[in-house]
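Breakdown of the fold
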Protein chains: 2
Amino acid sequence: MTRALSLHQRIREDIEGQIRSGAWPADYRVPFETELMAQYGCARMTVSKAMAALVEAGLIVRRKRAGSFVARPKVHAPVLNIPDIPSTIRSRGEAYGFRLRLSRVRSPDPALPDEVVLAAGGELLEIEGVHDAAGRPFALERRLIALVAAPDAALADLATVPPGAWLLENIAWTEAESRISAVNADAAIASLLDLHEAAACLVVDRRTWRGGEPVTRVCQIFPGEAYDLMARFGPAG
Amino acid sequence: MTRALSLHQRIREDIEGQIRSGAWPADYRVPFETELMAQYGCARMTVSKAMAALVEAGLIVRRKRAGSFVARPKVHAPVLNIPDIPSTIRSRGEAYGFRLRLSRVRSPDPALPDEVVLAAGGELLEIEGVHDAAGRPFALERRLIALVAAPDAALADLATVPPGAWLLENIAWTEAESRISAVNADAAIASLLDLHEAAACLVVDRRTWRGGEPVTRVCQIFPGEAYDLMARFGPAG
DNA sequence: CCTTGCAATATGTCTATACATATTAGAGCC
DNA sequence: GGCTCTAATATGTATAGACATATTGCAAGG
């Protein structure tokens, strides 16, 4: 059963439907607020609330004196789905495992400005491990954690809890940036992921911050042909 | 100069700042609307508008009788930036070019359900070409366009206007889905992109619809080491 | 023809008020 | 103690009115 919608939501959905169906193309002039208030028999504030939500969603553009118009679709803002690795594997019904291969505390390399910034004057926890799905390697993870931001990380039992899950529980981040690229597997990657050398791999390089303060940087390497990322742009479902 | 902000925007930004700075952690109870109206000396509707925007942005959660609380950050909804190829190249200050290599109208392959669905009972326009940056190959594009949805595409002068730009101008889409993966360049790709064989390439496979009706499917192949995609989660700037 | 200025108009913001609705703290009862 | 019912409370929705502001169309003047 569809829940009872408030009036401004109904107005919003009606207009959204016209736009998404293509009935109102880009640059089409949406009825004036006065017309809509007559049509729905409500106050202007109610119409305005619906319109404001449509602006927020990027579906319309409003211009004083001219009216409101259907926005041209933005090319560049699909929502990327980067599920975390354990849940991806478990949702396929496969057993998940994490094999820790390296875990040590060290100072940032002064030759690498990125590391120095991340460390923020303290030391770094460096971690490397392999995520397994059904006993076979699924992804290689190399991670640096700023101990200034997450001092407890050094004490965590990363042999049992993968570092991504530990951080998510303990140091919630507020900003993240991911870069996605492709590389050929070198000998080390090929061996760890059970691939032939030079196999194409998908690389997700993610940095996260907590209120401007860097927390961690992680590089996840997936076999390119066995994994893909999905991005969607469209109805907010 | 910072523009004059309306009051509800200022309230919104003040609260957003507290959250993004980490001063108000997840589950922190933000001041009641009555407290905020006293603090800013305004009506409740004004506070409410700010709060509604924060809910829309996913920064807070509101519960009747209990109050409004800072939301725990969503893990997996970064906004992916897929700029279109000509503007990416031009923004680097390099000359952009498109070399059309193939353009023909054909029927969908009955063995490929995807093609049959895309064609929607009509024929397909198949296009292949290379995007050049500063005279060197930058990306290979293979595209199928449903002529049912875009009958004029067959008449477009795709030798001068790249098909992506043409479609954007003429058949605005409303929904898109992109899959991102990595492959090793085969002989054909390596030759067209001027890479050694087996070089890792980043593949963006995008399908678009217009109100549920399929419009086009495009596969763009980039040299993996020379290109990356960026995704961000955080301040909506 | 081009410019300037005015007035009409549609959106943008805000108020004060009203009632609806969900949830919780606490009172009262077994 | 554990249960239920009730009343208080904070948000959710909506109204009618007011004034601000940006932009457009048009008219008057050069």
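Residues numbered from 1 in each chain as written. Chains lettered and ligands numbered in written order. Predicted model: local features only at pLDDT ≥ 70, side-chain atom pairs only at ≥ 80, totals over all residues. Heavy atoms only, no water.

What to know about the nonpolar core
- By size, the foremost hydrophobic cluster in this structure holds 30 residues, and its most contacted members are L202(A) and L202(B).
- Look past the residues within four positions of L202(B) in its chain and what remains in contact with it is I180(A), S181(A), A182(A), L202(A), I180(B), S181(B), Q220(B), I221(B), F222(B), G224(B), Y227(B) and L229(B). (Core = buried A, V, L, I, M, F, W, Y, C linked by side-chain atoms within 4.5 Å. Buried < 20%, exposed > 50% of the residue type's maximum accessible area, 1.4 Å probe, protein only. Contact = heavy atoms within 4.5 Å.)

Focus: the protein's contact with DNA strand C
- Residues in contact with DNA strand C amount to 23 residues; listed here are only the nearest, R44(A), R62(A), L7(B), T46(B) and R65(B).
- For DNA strand C, the fraction of protein-proximal atoms (within 4 Å) that sit in sugar or phosphate groups is 69%.
- Between DNA strand C and H8(B), the relevant distance is 2.9 Å, taken from a phosphate oxygen to a side-chain nitrogen or oxygen of the residue.
- In the model, a sugar or linking oxygen of DNA strand C is placed 3.5 Å from a nitrogen or oxygen of the K64(B) main chain.
- In terms of residue count, helix α3 (residues 44-56) of chain B provides more of the surface near DNA strand C than any other element does, 4 residues in total.
- Looking at the surface near DNA strand C, its residues break down into 6 nonpolar, 6 polar and 11 charged. (Near = heavy atom within 4 Å. Polar contact = N/O pair within 3.5 Å; in protein donor to acceptor, adjacent residues only side chain to side chain. Helix = DSSP H or I, 4+ residues; strand = E, 2+ residues; numbered from the N terminus. Nonpolar A, V, L, I, M, F, W, Y, C, P; charged D, E, K, R; others polar.)

Details of the sheet that holds strand β2 (residues 60-63) of chain B
All names here are of chain B.
- Overall, antiparallel pairing links the 3 strands, which are arranged β1-β3-β2 in an open sheet. Each of the sheet's edge strands pairs with one partner strand only, and the pair in question is β1 (29-30) and β2.
- Where β2 meets strand β3 (residues 67-70), 4 bridges bridge the pair, whose relative direction is antiparallel. By the bridge assignment, I60 is partnered in β3 with V70.
- The strands that α3 touches are β1, β2 and β3; relative to β2, the one it contacts most, it runs at about 120°. (Pairing = 2+ DSSP bridges. Axes fitted to C-alpha atoms, helices over the stretch in contact; angles between N-to-C directions.)

Let's talk about the packing of helix α1 (residues 7-20) of chain A against helix α3 (residues 44-56) of chain A
Residues and elements named next belong to chain A.
- In the contact formed by α1 and α3, the axes pass within 8 Å of each other and the chain directions differ by 50°. Put simply, α1 runs oblique to α3. α3 is crossed by α1, and the crossing has right-handed handedness. Of α3, the residues touching α1 (which contributes L7, H8, I11, R12, I15 and E16) are T46, V47, K49, A50, M51, A53 and L54.
- Of the residues in the contact of α1 with α3, the class split is 8 nonpolar, 2 polar and 3 charged. (Parallel < 35°, antiparallel > 145°, perpendicular 65-115°, else oblique. Left-handed = near helix turned anticlockwise from the far one by under 90°.)

A word on the packing of aromatic side chains
- Evaluated as defined, the whole model comprises 4 aromatic pairs over all chains.
- Each ring, one from W24(B) and one from Y28(B), has its centre 5.0 Å from the other, and the planes form 20°; the classification is stacked.
- Overall, the relative accessible area of 33% leaves Y28(B) in the partly exposed class.
- Centre to centre, the rings of F138(B) and F222(B) are 6.0 Å apart; their planes meet at 85°, and the pair counts as edge-to-face. Residue F138(B) is found in strand β7 (residues 136-146), and its partner F222(B) is found in strand β10 (residues 213-223); the two are separated by 84 residues along the sequence.
- Residue class for F138(B) comes out buried when judged on its relative accessible area of 8%.
- For F222(B), a relative accessible area of 2% corresponds to the buried category.
- Residue placement shows R29(A) over the ring face of F32(A); its charged tip is 3.8 Å from the ring centre. (Phe/Tyr/Trp six-rings, centres within 6.5 Å; stacked < 30°, edge-to-face > 60°. Lys NZ or Arg CZ within 6 Å of the ring centre and 35° of its normal.)

Considering the domain arrangement of chain A
- Parsing chain A into structural domains produces domain 1 (7-70) and domain 2 (79-232).
- For domain 1 of chain A and domain 2 of chain A, the distance between their C-alpha centres works out to 44 Å. (Domains from an automatic or database assignment.)

A word on unusual backbone geometry
All names here are of chain A.
- In this structure, D194 is a non-glycine residue whose phi angle is positive, near 65°.
- You can see D194 is positioned in the loop between α7 (187-193) and β9 (200-210).
- Judged by relative accessible area, which is 51%, D194 ranks as exposed.
- Non-glycine residue A198 carries a positive phi angle of around 75°.

Observations concerning α3(B)
Residue and element names in this part refer to chain B.
- When the terminal C-alpha atoms of α3 are compared, their 18 Å separation across 13 residues agrees well with the 18 Å that a helix rising 1.5 Å per residue should span.
- Residues V47, S48, A50, M51, A53 and L54 constitute the buried set of α3.
- In this structure, the buried side of α3 is in contact with α1 (7-20), β1, α2 (33-40), β2 and β3. (Expected span 1.5 Å × (residues − 1).)

Considering the sheet that holds strand β1 (residues 29-30) of chain A
- Spatially, 3 strands are ordered β1-β3-β2 (chain A) in an open sheet, and the strand pairing comes out antiparallel. Of all strands in the sheet, those with a lone pairing partner are β1 and β2 (60-63) of chain A, marking the two edges.

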